[in-house]
Amino acid sequence: QVQLVESGGGLVQPGGSLRLSCAASGSIFSIYTMGWYRQAPGKQRELVARITSGGSTNYADSAKGRFTISRDNAKKTVYLQMNSLQPEDTAVYYCNADVQTVAGPRKNYWGQGTQVTVSS
């Protein structure tokens, strides 16, 4: 079994920054793509950014130039540095990972989510 635990959310003023972290644990053989998604009230969950095991990244248009995704493969952790935050960035942010476990099939896993609120 695999667990993804997010941290780093909170309340920030417009123009501020936050850094989200997501640590994977469990019977992990390999982690492929890791990513961050978000879901605002009344809206569908959407991709924010993702990163392959080799470090290739892609971003939603709304995140380009403001957010940076990175990962530490040794720590099985993915990060999302968010700068110039705006009220429209308010959402629950979810970590996602494509994981090959030691004794099971390759599967997609989600974290429990962390709330990010941008407000003055």
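To keep things clear, this report deals only with the structure shown in the data block. (Residues numbered from 1 in each chain as written. Predicted model: local features only at pLDDT ≥ 70, side-chain atom pairs only at ≥ 80, totals over all residues. Heavy atoms only, no water.)

**A few points about the state of the cysteines**
And step 1. Applying the stated criterion across every chain yields a total of one disulfide.
And step 2. Each sulfur of the disulfide joining Cys22 and Cys95 lies 2.1 Å from the other. Here the S-S torsion is close to -80 degrees, and the disulfide linking Cys22 with Cys95 is therefore left-handed. In this pair, Cys22 sits in strand 3 (residues 18-26) while Cys95 sits in strand 9 (residues 91-101), placing the two residues 73 residues apart along the sequence. (Disulfide = S-S within 2.5 Å. Helix = DSSP H or I, 4+ residues; strand = E, 2+ residues; numbered from the N terminus.)

**Some thoughts on the environment of Ser62**
And step 1. Residue placement: Ser62 occurs in the loop between strand 6 (57-59) and strand 7 (67-72).
And step 2. As for Ser62 and Ala49, which are separated by 13 residues in sequence, their C-alpha atoms are 9.9 Å apart.

**Some details on the side chain of Thr114**
And step 1. Relative to the assigned elements, Thr114 resides in strand 11 (residues 114-118).
And step 2. Separated by 3.3 Å, the side chain of Thr114 and the backbone nitrogen of Gly9 make a polar contact.
And step 3. Residues within four places of Thr114 in sequence aside, it is in contact with Glu6, Gly9, Leu20, Ala91, Val92 and Tyr93. (Polar contact = N/O pair within 3.5 Å; in protein donor to acceptor, adjacent residues only side chain to side chain. Contact = heavy atoms within 4.5 Å.)

**Details of the pairing of strand 10 (residues 106-110)**
And step 1. Where strand 9 and strand 10 come together, five bridges link them in antiparallel fashion. Each residue of the ladder has a partner; that of Val99, found in strand 10, is Lys107.
And step 2. Count of turn residues in the strand 9/strand 10 antiparallel hairpin: four residues. (Pairing = 2+ DSSP bridges.)

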